[in-house]
Structure formats: C-alpha cells, structure tokens
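Analysis of the macromolecular model
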Amino acid sequence: MNDFYNALADFDDPLRQLYMLAVEPDLSVEDKIAKLLQLGTEALGLELGIVSRVDHPVYECVYVHGPDWAPAPGSTFDINGTYCLHTLANADVTSFYHAGQQEISTHPCYENFGLESYIGVALIVGGQRFGTLNFSSASLRSQRFDEADTDFVRLCGRWCAGLLEQAAAQQQREALLQRFHKLTQHLPGMVYQYQVNQSGHGWFPYASEGIANIYDMTPEQAALDAQPAIDLIHPDDLPMVQEDIRRSSVERSDWRSEYRVRHPRLGEIWVAGYASP
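Residues numbered from 1 in each chain as written. Predicted model: local features only at pLDDT ≥ 70, side-chain atom pairs only at ≥ 80, totals over all residues. Heavy atoms only, no water.

Examining the side chain of Ser117
Residue placement: Ser117 occurs in strand β5 (residues 117-125). Discounting residues that sit within four places of it in the chain, Ser117 has contacts with Leu46, Phe96, Tyr97, Phe135, Ser136, Ser137, Ser139, Leu140, Arg141 and Phe145. (Helix = DSSP H or I, 4+ residues; strand = E, 2+ residues; numbered from the N terminus. Contact = heavy atoms within 4.5 Å.)

What follows is the structure in structure tokens.
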C-alpha cells in the first residue's frame, strides 16, 4: 500500500482535483466524466481522452475530450482497428509509449490515426466489461509511462466505472418510474405514499395524477404538504380517519378507512383508502 502512495506522489494535485470531483454534489455524471477526461489528459501530458463503450465489434466513443481532430461523441469504429482491443484483453492498464518504434507500429490504429502514445484500462460496470477509459496522443510523450502513470489511470478507471454504474442504475430507476406512472394512469383512484414527521407535518412523497379527482391537488402540491387534502375530509369523518392512521402507525398494521371528501369541483364523494406501513 505504501508503494501505491509513493508511486502517486507526483499526482498530488490531480488526485486532489479527482477527489473534489467525486464529492461535488451539483455536477452530473456527464459533467464529472468530462472533467475527468480533461484532468487525465493534462496530468498525463496527452491530447485525447475517451470513454468508450464496446459491443464487439463496435467501438463507440461515448465521452470525448481532445483537440479539433478528436472523434465526436457517438463516433463508432471497428474495435479491431483500435488499441483498446488489447486493453480489453488485458487484466490491467495497457500502454504504448512510442508506438512507431514498437511491434504495435503495424497496428491499424497506428497506420490510420498515427497515435504515438497511449494508455488505457478496461471499465468493468455491473460485473461486465463496458468499454475503456483511454488517453492518447499523436505526438510522442516526453517520457515513458511509469508506475505512477499506471496507478493514476487505474484509479481513474475504477472511479469512472463507478460513475457509469450510477448512471445505469439511475436510468433503470427512471425507466421503472415511467412504466409505473403509465400504469397508474389506467388505475381508478390514486396511488400514493404518505409520510408524517415527528412534528406532525404530513406530505405525499409520491402521488399519481388521480389525486386531483380525490383531493383536488397536483402531485407536486401534495409532495409539499398533505394538509390541504386533510382539510377536505368531512369533519364528521376526520376523527375516525386520524385515529385509523394513528393505530396503523403504532401497530404497524394496514390502514383501511371509508370516509367522505368535500371535493371543490365534484362535490361530496365517498373514498375508500388502503395503505401498508
């Protein structure tokens, strides 16, 4: 472990910037990866940084930082024509310091793009090989890649893979919410979640659009305060509803109530409510 920290001693400032990126709450995953690529190119003295997705044999540039000649995000290539073919086959960081003077000089990537210096690592997302994080340059790097460079790229790769995993999980959550929202649109009444804090303030963290037909509220209004909905419950039924909610909370039992709501547009309506704690 000490050798790891000694090797990264020359990367104190980039590591500090990497840490600040990791704890920055207001940056999106896309912004963090963009800044990671910029940080990596500057720290390594290279021109081009790419996060790729590989669905063999298609190599897609998902995120790109580099000069005018850099491929645009979304550009695709045959993986066999990239250095990343070797990176994906390697269990660790792969690098070429002077490609034109190495066996890799006959590789299509060198012949077509003239990338002289390259360093990259495979990205493992959700237990599967997603693609690569790689940095390269058409010009010869001032010095060979050393242990510190390798450790820095390995660390960046792990952090980048974590970001991609977060993004994938968020996309899955959003897709599930969209499907759930479509489902609730076809259900009678409303689907909701109700919470009360220690001070007695209640709100609906989630409510379907059907809440408008019961409590004359939007889901956004309900997410802030449930009191307008409670105020619409018939005063003769309110004590019973409140007692049923209290009992459900104390006993951790299902809540069931039938009561009247004085709806501003629909008049007095009967409501049957059910919830699990």
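Considering the packing of aromatic side chains
Taken as a whole and assessed by the stated rule, the structure comprises eight aromatic pairs. Between Tyr194 and Phe204 the ring centres are 5.3 Å apart and the planes differ by 50 degrees, which places this aromatic pair in the tilted class. With Tyr194 in strand β7 (residues 192-196) and Phe204 in strand β8 (residues 202-207), this pair connects stretches of sequence that are 10 residues apart. Accessibility expressed as a relative area gives 29% for Tyr194, which makes it partly exposed. Since its relative accessible area comes to 7%, Phe204 is described here as buried. Taken together, the aromatic side chains of Tyr59, Phe77 and Phe113 make up a single cluster linked through ring pairs. (Phe/Tyr/Trp six-rings, centres within 6.5 Å; stacked < 30°, edge-to-face > 60°. Buried < 20%, exposed > 50% of the residue type's maximum accessible area, 1.4 Å probe, protein only.)

Brief notes about a nonpolar patch on the surface
Residues Tyr19, Met20 and Val23 make up a contiguous nonpolar surface patch of about 330 Å² in total accessible area. Among the secondary structure elements, Met20 is positioned in helix α2 (residues 12-23). Using a relative accessible area of 49% as the deciding quantity, one classes Met20 as partly exposed. (Patch = residues over 30% accessible without salt bridge, like charges linked within 9 Å, V, L, I, M, F, W, Y side chains within 5 Å. Areas by Shrake-Rupley, 256 points an atom, 1.4 Å probe, with all protein chains shown as cover. Salt bridge = Lys/Arg side-chain N within 4 Å of Asp/Glu carboxyl O.)

Examining the nonpolar core
The biggest cluster of nonpolar side chains holds 31 residues, and the ones touching the most others in it are Ile33, Val51, Ile119, Leu123, Leu133, Phe135 and Leu164. For this core, the elements supplying multiple residues, two or more each, are α2, α3 (29-44), β2 (58-65), β5, β6 (128-137) and α6 (147-184). Ranked by residues supplied to this core, first place goes to α6 with nine residues. Excluding anything up to four places from it in sequence, Ile33 contacts Val51, Tyr63, Cys160, Leu163 and Leu164. Listed in part, the 19 residues of the second largest apolar core include Phe204, Ala207, Tyr259 and Val271. (Core = buried A, V, L, I, M, F, W, Y, C linked by side-chain atoms within 4.5 Å.)

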